[in-house]
Amino acid sequence: TIRPVRRSYYDPSSAPGKGVVWEWENDSGSWTPYDMDVGITIQRAYEKQHPWVDLSAIGFCYVIDFATMGQINRQTQRQRRIRRRLDMVYPLVSGTLPKSQSWPASPGAAAAPPVPACACPQCLLVMSVKATVSAAGPSTATLQPRKAPPAPPTAPKAPAPAPGTKAPDGMATVRGSLKPLAAQGGRRQAASTPALSLASSAASPPGVGGAKASRPALGTLNRSHLQRLAIAQSRVLIASGVPTVPVKNLTGSSPVNPALAGITGILMSAAGLPVCLTRPPKLVLHPPPVSKSEIQSIPGISHTCRKTTKKQAKKGKNPEEVLKKYLQKVRHPLDEDCTICMECLSAPSGYKGPQPAVKPDLVGKLVKCGHIFHLHCLVAMYNNGNKDGSLQCPTCKTIYGVKTGTQPPGKMEYHIIPHALPGHSECKTIRIIYNIPPGVQGPEHPNPGKSFTARGFPRHCYLPDSEKGRKVLKLLLVAWDRRLIFAIGTSSTTGESDTVIWNEIHHKTEFGSNLTGHGYPDINYLDNVLTELAAQGITEESLAQEKD
């Protein structure tokens, strides 16, 4: 396969023109340069003395903060260090920019000045191929394989594809292993081109083989001739009877794989074999643009938006009355430890904080799970919680009552968009948009009266529009109403405190990829999120409770 290539010249006032490189710090602690267009965008904002630049306009969900020299992921709020270097590692052109050129060059183009020959194995292979083509001319679209009985004297002529058509795929092969290919060195010329030499002598009429002046060089061959040459070379290698090894894509996170792919490409290119280089997959956070007319409401779910306020669930009159609904008194406790204060149940509670109005030696058993604690400890635990009339067993996490959270006020939107998620091509997609503004923490939050931040909002999440996907959405709506989707705390990705964070219910924030683990395909995601919702006390029974 032959593909066009190009090289770009950048304005002297741009980042590459000035020798500026912008880099970000990867997980291993080393530095990775940004793509050229990203580096140019960052440098332009830096020179204009902007405090930050949003890269979403060029397809990246990052914000560059020049004050902290950091890169912030708008979805996960993860922050990485960045740096600006002034030692460009590749040469830059100076003076006037040369005119755009293409390859192959026109037959009348001026010949380039001679370049001293290189004696490395790769250059020897390339020169041998060029020399053979120059001697044979473009008419040798038919190349003869090695003589091996009972092979016919000439191979059938390869069909010539029309100009502009794509050559057949699947012919990128390597003779034997790569190690002998590089090790044979200078003698590779004789080993790699006998078939080309035979074809040259067989296809040329008498008296014309030595007239090199009338033979065009490799640079003057048009696209169809080059395609025929690539096809014929591959057929020669396959027909020679030597075992061939197909070159496959080498993918993975290890730096060894790109290195092997690069070495393979160099050796194949030096041998005259077709090489196709591909880019790694890109992060796809959002779907293609959707117009308002394409957005649909979700059948069976009223409205397309929910808002939350600071209103709490109905509280009990006092902690003792709340606990009476969930406990049974134990008159003769076993010789075990209370898992809250770690004192023996037969002894008084070891809790040393504010003393509740309960005797420290009373013991109670939770009616559902049967775990036993000091009543003194349970009242203290309830007073240190959300005080919403619910209780959660500290041992097995069984929930008593209706658990609510401390999610700050915000808005949740949900609708159907006409695009399919990877792994769910049979259905459309449910898009959820969460939006929580920054504000001031209330009495139920870690630092009442202190402001909190809300990074990365609005946050877009995705579910398949299937029966199970709609079930998950209905339960997420219950979780939103109970203020359990988000909380205020310390971000595990950026380390920032007093900020809005996810609250143990995972969401998929990648639409068309799964590079970060927060996308599709993920066959277990819907089941996993149902389990996480159940751990917060949200099940199908909760839907009936909400209706009541």
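Residues numbered from 1 in each chain as written. Predicted model: local features only at pLDDT ≥ 70, side-chain atom pairs only at ≥ 80, totals over all residues. Heavy atoms only, no water.

1. Comments concerning helix H10 (residues 375-383)
By the criterion of burial, H10 is predominantly enclosed, with 7 of the 9 residues buried. Along H10, the positions that sit buried rather than exposed are Leu-375, His-376, Cys-377, Leu-378, Val-379, Ala-380 and Tyr-382. Taken together, the buried residues of H10 touch helix H9 (319-324), strand S10 (327-329), strand S11 (363-366), strand S12 (372-374) and strand S13 (391-392). (Buried < 20%, exposed > 50% of the residue type's maximum accessible area, 1.4 Å probe, protein only. Helix = DSSP H or I, 4+ residues; strand = E, 2+ residues; numbered from the N terminus. Contact = heavy atoms within 4.5 Å.)

2. Notes on the packing of aromatic side chains
Counted under the stated rule, the structure contains 11 aromatic pairs. The interplanar angle of 45° and the centroid separation of 5.6 Å between the aromatic rings of Tyr-326 and Tyr-400 together place this pair among those described as tilted. Of this pair, Tyr-326 sits in the loop between H9 and S10 while Tyr-400 is found in strand S14 (residues 399-400), placing the two residues 74 residues apart along the sequence. By relative accessible area, which is 9% here, Tyr-326 ends up buried. For Tyr-400, a relative accessible area of 2% gives the class buried. With 6.1 Å between their ring centres and 80° between their planes, Tyr-434 and Trp-502 make a pair best called edge-to-face. Here Trp-502 lies in strand S21 (residues 499-502) and Tyr-434 lies in strand S16 (residues 429-435), a separation of 68 residues in the sequence. Its relative accessible area of 0% is what places Tyr-434 among the buried residues. Ring pairing ties together the aromatic residues Tyr-434, Phe-457, Trp-480, Phe-486 and Trp-502, which thus form one cluster. The ring of Tyr-400 carries the charged tip of Lys-368 above its face, separated from the ring centre by 5.4 Å. (Phe/Tyr/Trp six-rings, centres within 6.5 Å; stacked < 30°, edge-to-face > 60°. Lys NZ or Arg CZ within 6 Å of the ring centre and 35° of its normal.)

3. A few points about the sheet that holds strand S4 (residues 62-65)
Spatially, 6 strands are ordered S2-S1-S6-S5-S4-S3 in an open sheet, and the strand pairing comes out antiparallel. One side of each edge strand has no neighbouring strand; the edge strands of this open sheet are strand S2 (31-33) and strand S3 (52-54). Each adjacent strand pair in this sheet contributes to an overall mean axis angle of 30°, direction not counted. The sheet contact formed by strand S5 (residues 70-73) and strand S6 (residues 79-85) spans 3 bridges and is antiparallel. (Pairing = 2+ DSSP bridges. Axes fitted to C-alpha atoms, helices over the stretch in contact; angles between N-to-C directions.)

4. A short note on the side chain of Ser-349
The residue Ser-349 is located in the loop between S10 and S11 in this model. The buried category is assigned to Ser-349, whose relative accessible area is 11%. Those residues in contact with Ser-349, other than ones at most four positions away along the chain, are Cys-341, Pro-360, His-374, His-376 and Cys-377.

5. Some words on unusual backbone geometry
Between Phe-457 and Pro-458 the backbone carries a cis peptide bond, its omega angle lying at 0°. Mapped onto the fold, Pro-458 is located in the loop between strand S18 (451-452) and strand S19 (459-464). Cis geometry marks the peptide bond from Tyr-520 to Pro-521, where omega comes out at 5°. Here Pro-521 shows up in the loop between S21 and helix H12 (525-535). Positive phi outside glycine occurs at Gln-77, with the angle close to 65°. Checked against the element boundaries, Gln-77 lands in the loop between S5 and S6. Using a relative accessible area of 7% as the deciding quantity, one classes Gln-77 as buried. The backbone phi angle of Asp-498 is positive, close to 55°, even though this residue is not glycine.

6. Topic: the sheet that holds S12
Across the sheet, which stays open at both edges, the 3 strands sit in the order S10-S11-S12 with antiparallel pairing between neighbours. Unpaired on one side and paired on the other, S10 and S12 mark the two borders of the sheet. Here the average twist between neighbouring strands, direction ignored, is 40°. Across 3 bridges, S11 lies against S12 in antiparallel orientation.

7. Some remarks on the nonpolar core
If you look at the biggest cluster of nonpolar residues, it comprises 39 residues, and the most contacted ones within it are Met-412, Ile-432, Tyr-434, Leu-463, Leu-473 and Leu-476. Broken down by secondary-structure element, the contributors of at least two residues to this core are strand S15 (410-417), S16, S19, helix H11 (467-481), strand S20 (486-489) and H12. If one sorts the elements of this core by residue count, H11 sits on top with 8 residues. Leaving out residues up to four positions away in the same chain, Leu-473 has contacts with Ile-298, Ile-301, Met-412, Tyr-414, Ile-430, Ile-432 and Leu-463. Counting 20 residues, the second-largest nonpolar core is a separate cluster that includes Ile-372, Phe-373, Leu-375 and Cys-377. (Core = buried A, V, L, I, M, F, W, Y, C linked by side-chain atoms within 4.5 Å.)

8. A look at H12
Owing to its 3.6 residues per turn, the α-helix brings residues three or four apart onto one side. Among the residues of H12, those classed as buried are Tyr-525, Leu-526, Val-529, Leu-530, Glu-532 and Leu-533. Along the long axis of H12, the arc covered by the buried residues comes to 160°, so they all point the same way. Buried-residue contacts for H12 involve S19 and H11. Looking one or two places after H12, you find Gly-537, whose phi comes out positive at around 85°. (Arc of directions from axis to C-beta.)

9. Brief notes about the state of the cysteines
Across all of its chains, the model carries 0 disulfides by this definition. In this structure Cys-396 is a free cysteine whose sulfur lies 3.7 Å from that of Cys-393, the closest cysteine sulfur available. Exposure remark for Cys-396: the relative accessible area of 32% places this residue in the partly exposed category. (Disulfide = S-S within 2.5 Å.)

10. Thoughts on the pairing of strand S1 (residues 21-25)
S1 sits mainly inside the fold: 4 of its 5 residues count as buried. Bridge analysis of S1 against S6 gives 4 bridges, and the strand direction is antiparallel. From the neighbouring strand, Glu-23 faces S6, where its bridge partner is Arg-83. By the bridge criterion, 3 bridges tie S1 to S2 in an arrangement that is antiparallel. Paired with Trp-24 across the bridge in S2 is Thr-32. Between S1 and S2, which pair antiparallel one after the other, the connecting turn spans 5 residues, and Gly-29 there sits at a positive phi close to 90°.

11. Here's the deal with the confidence of the model for the protein chain
Chain-level pLDDT for the protein chain is 75 on average; 63% of the residues reach the 70-or-more range. Contacts of residues 89-112 to residues separated by more than four positions or lying in other chains number 16 contacts, the stretch itself having pLDDT below 50. Note that residues 237-255 has pLDDT below 50 and, in this model, 27 contacts with residues that lie over four places away or in other chains. (pLDDT = per-residue confidence, 0-100.)

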